[in-house]
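# Observations on chain architecture
One letter stands for each residue in the lines below.
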Number of protein chains: 2
Amino acid sequence: MLTQSEENHLKAIYHLGKFGSVSVSTNAIAEQLDTKASSVTDMLKKLSDKGLVNYRKYQGVNLTEKGRKIASNIVRKHRLWEVFLVEKLNFSWDEVHEIAEQLEHIKSEKLINQLDAFLEKPTHDPHGDPIPDKNGKMVQLETQNILEIKAGRKGVLVSVKDSSDEFLKYLNKNKLALGDTIKVLDFEPFDSSITIETKEKTMIISKMVAENLFLTL
Amino acid sequence: MLTQSEENHLKAIYHLGKFGSVSVSTNAIAEQLDTKASSVTDMLKKLSDKGLVNYRKYQGVNLTEKGRKIASNIVRKHRLWEVFLVEKLNFSWDEVHEIAEQLEHIKSEKLINQLDAFLEKPTHDPHGDPIPDKNGKMVQLETQNILEIKAGRKGVLVSVKDSSDEFLKYLNKNKLALGDTIKVLDFEPFDSSITIETKEKTMIISKMVAENLFLTL
DNA sequence: ACTATAATTTAGACTAATCTAAAAAAATAT
DNA sequence: ATATTTTTTTAGATTAGTCTAAATTATAGT
């Protein structure tokens, strides 16, 4: 049985491992978990002893098959709980992350299976992130960042990269939600801002915002 | 913010304090939590420093108003989650306790309010125990132990004292469930066993079983 | 290739929660 | 009332997770 801290470290490695680099650095994990590199080193040794990560001093770390399975299961739980909170308990998508961070550590396989069924086996969470199945597999939509879409074309907003409160509140304030159809009207090369059109209105979004919006065409 | 262990100690004192004695003994808490008396003593000092219990060496302990409120809130969460598991996720009543032991420590006031509303503000959990409201108040049904009921009278089974797996499985096996009407046919003074009649059948229950069944007349 | 900088690990300390064994206090029995 | 037993507390040790500061290794710049 793993502790919450062990689970959080595996999850961090899982998330960081997705982006290119074969091995994940100690510092990256420390930053993700808001802790110190020395604490991470200690934990990596422990996880290595348990056969959940491949770790070589100074060389970074990555998940073993066993570790990857555990990590994807935590992500699965996190995202299922987020769906529950939004769909059943009327939370808005900017309120659920912290609570799901707690709920993801509840231990009961039956619980998560029943929850999955109760929610009618959702494939994506409220932020558009795919929910892994029991084996860690997930449907990955073909998405494009809005910055890569040609002016004049339309797409459907299906996921956001940044799931922070502040960013989601910005989207709420500007009436942008998953599932909305967005048309790219104009691209301004000077600052990479984009003019977009939604059902609601026409607006300009900054590069910083645009980087976090992913659409299907 | 309290740790899980602190919360568990408060909850144990809350439950033990219900039965007569003004103050709860160190040993009783230790037994309830399956830990050692010395560990309990340490924790009592800590809880006392935080103003959650009144503790005097060798004199036992009881909850302060602040402590009582926190404890009843944990019990509230535990019982609401049990309702959720049974009503929404199709668990049977003998499977929910352990999971609720974990869920009761999730910290979010909004979560528990929304859950309460989603479940339509239940007043009792699947074992018939009353669910405290936000202020710790609960409706206490006028119940009688089946041993105190005169032969020939009927009652409705509304709660069970022992919530262990084994006992609940015994009830399931014998088709006894909350809400069932039970008629007391005969009382055997020799061993305090009772002959009862349900929709299903007539059966004899031992004193040990009878002690755990509470009815409304 | 050498040096400065950055990343990582090690060493040692701290806190929280637990335990065992011994000491102290309270309860009970004669 | 005293002795025995039980309960409770204290003292000291252990484990997990964390930290800071120092040492080590890797990386980058010239």
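Values in this document were obtained by computation on a predicted structure and should not be read as measured data. (Residues numbered from 1 in each chain as written. Chains lettered and ligands numbered in written order. Predicted model: local features only at pLDDT ≥ 70, side-chain atom pairs only at ≥ 80, totals over all residues.)

### Quick look at the overall build of chain A
Along chain A, the regular secondary structure elements total eight helices and eight strands. Considered along the principal axes of its C-alpha atoms, chain A spans approximately 55 × 40 × 25 Å. A burial count over chain A gives 33% of its 217 residues as buried. (Helix = DSSP H or I, 4+ residues; strand = E, 2+ residues; numbered from the N terminus. Buried ≥ 20, exposed ≤ 12 C-beta atoms within 10 Å, placed from the backbone.)

### Digging into the interface of chain A and chain B
At the interface, 14 residues of chain A touch 14 residues of chain B. Elements represented by at least two residues in the side of chain A that touches chain B include exactly α5 (96-103) and α6 (109-118) of chain A. With four residues, α6 of chain A is the single largest residue contributor to the side of chain A that touches chain B. Split into classes, the residues belonging to the side of chain A that touches chain B amount to eight nonpolar, four polar and two charged. (Contact = placed C-beta atoms within 7 Å. Nonpolar A, V, L, I, M, F, W, Y, C, P; charged D, E, K, R; others polar.)

### A short note on the nonpolar core
Ranked by size, the top nonpolar core spans 61 residues in total, and within it Leu85 and Leu215 of chain A together with Leu80, Leu85 and Leu215 of chain B carry the most contacts. Apart from residues no more than four positions distant in its own chain, leucine 215 of chain B is found in contact with Thr143, Gln144, Ile146, Ile149, Gly155, Val156, Leu157, Val158 and Ile182 of chain B. (Core = buried A, V, L, I, M, F, W, Y, C linked by C-beta atoms within 7 Å.)

### Describing the sheet that holds strand β3 (residues 144-145) of chain B
All names here are of chain B. One open sheet accounts for six strands, arranged β3-β8-β4-β5-β6-β7; its pairing is antiparallel. Sheet topology places β3 and β7 (202-205) at the edges, where each strand pairs with a single neighbour. In this sheet, strand β6 (residues 193-197) lies alongside strand β5 (residues 181-188) in antiparallel orientation, the contact comprising five bridges. Note that in β6 the partner of valine 184 across the bridge is isoleucine 196. (Pairing = 2+ DSSP bridges.)

### Some details on the protein's contact with DNA strand C
Lining the immediate surroundings of DNA strand C are 20 residues, of which Ser25, Asn27 and Ser38 of chain A together with Thr3 and Ser38 of chain B lie closest. Sorting the residues of the surface near DNA strand C by element identifies α2 (26-33) and α3 (37-49) of chain A together with α1 (4-17) and α3 (37-49) of chain B as the ones contributing at least two each. At five residues, the largest contribution of residues to the surface near DNA strand C is made by α3 of chain B. Class assignment of the residues belonging to the surface near DNA strand C gives a composition of four nonpolar, 11 polar and five charged. (Near = placed C-beta within 6 Å.)

### Here's the deal with α3 of chain B
Along an α-helix, residues three or four apart share an orientation, since each turn contains 3.6 residues. All names here are of chain B. The end-to-end C-alpha separation of α3 is 19 Å, in line with the 18 Å expected for 13 residues at 1.5 Å each. Those residues of α3 lying buried are Val40, Met43, Leu44 and Leu47. Projected onto a plane normal to the axis of α3, the buried residues spread over an arc of 110° and lie on a single side. Those residues of α3 that are exposed and aimed more than 90 degrees away from the buried face are Ser38, Asp42 and Asp49. Elements in contact with the buried residues of α3: α1, α2 (26-33), β1 (53-55), β2 (61-63) and α4 (65-87). Following α3 by one or two positions, glycine 51 adopts a phi angle in the positive range, close to 75°. (Expected span 1.5 Å × (residues − 1). Arc of directions from axis to C-beta.)

### Some thoughts on unusual backbone geometry
With a phi angle near 55°, lysine 175 of chain A is a residue other than glycine that sits in the positive phi range. Structurally, the position occupied by lysine 175 of chain A is in the loop between α7 (165-173) and β5 (181-188).

### Thoughts on the packing of α1 of chain B against α4 of chain B
All names here are of chain B. Following both chains from N to C, one finds α1 and α4 inclined at 95°, their axes separated by 9 Å at the closest point. Classified by the angle their axes make, α1 and α4 are roughly perpendicular. Taking contact as the criterion, the partners of Glu7, Leu10, Lys11, Ile13 and Tyr14 in α1 are, on α4, Gly67, Arg68, Ile70, Ala71, Ser72, Ile74 and Val75. Split by residue class, the contact of α1 with α4 holds seven nonpolar, two polar and three charged. (Axes fitted to C-alpha atoms, helices over the stretch in contact; angles between N-to-C directions. Parallel < 35°, antiparallel > 145°, perpendicular 65-115°, else oblique.)

### So, the relation of the copies chain A and chain B
When chain A is fitted to chain B, the best match, at an RMSD of 0.1 Å, comes from turning it 180° and sliding it 0.0 Å along the axis. The transformation relating the two chain copies, once decomposed into turn and shift, fits a two-fold axis. When each C-alpha of chain A is compared by its distance to the rotation axis, leucine 103 of chain A comes out closest, at 3.8 Å. Both copies present the same face, since 100% of the interface residues in chain A are matched by interface residues at the equivalent positions in chain B. (Least-squares fit on C-alpha atoms with pLDDT ≥ 70 in both.)

### Here's the deal with the protein's contact with DNA strand D
Lining the immediate environment of DNA strand D, one finds 20 residues, of which Thr3 and Ser39 of chain A together with Ser25, Asn27 and Ser38 of chain B sit closest. Sorting elements by how many residues they give to the surface near DNA strand D places α3 of chain A first, with five residues. Counted by class, the surface near DNA strand D contains four nonpolar, 11 polar and five charged residues.

### Considering the environment of leucine 89 of chain B
Along the polypeptide, leucine 89 of chain B turns up in the loop between α4 and α5 (97-103). Taking the C-beta count within 10 Å as the criterion, leucine 89 of chain B has 19 such neighbours and is therefore assigned partly exposed. Taking C-alpha positions, leucine 89 of chain B is 30 Å from leucine 16 of chain B, a pair spaced 73 residues apart along the chain. Leaving out residues up to four positions away in the same chain, leucine 89 of chain B has contacts with Gln114, Leu115 and Phe118 of chain A together with Phe84 of chain B.

### Details of the confidence of the model for chain A
Taken residue by residue, chain A gives an average pLDDT of 92. The fraction at 70 or more is 99%. Ranking the elements of chain A by mean pLDDT puts α7 of chain A last with 83 and α6 of chain A first with 98. (pLDDT = per-residue confidence, 0-100.)

### Re the pairing of strand β6 (residues 193-197) of chain A
Remark: a regular strand shows side chains that alternate across the two faces of the sheet. All names here are of chain A. A one-sided burial pattern is seen for β6, the buried positions being Ile194 and Ile196 and the unburied ones Ser193, Thr195 and Glu197. Adjacent in sequence and paired antiparallel, β5 and β6 are bridged by four residues, among which serine 192 carries a positive phi angle near 60°. Bridge count between β6 and strand β7 (residues 202-205): four bridges; the pairing is antiparallel. When the sheet's bridge partners are listed, isoleucine 196 is paired in β7 with methionine 203. In this antiparallel pair of consecutive strands, β6 and β7, the connection spans four residues.

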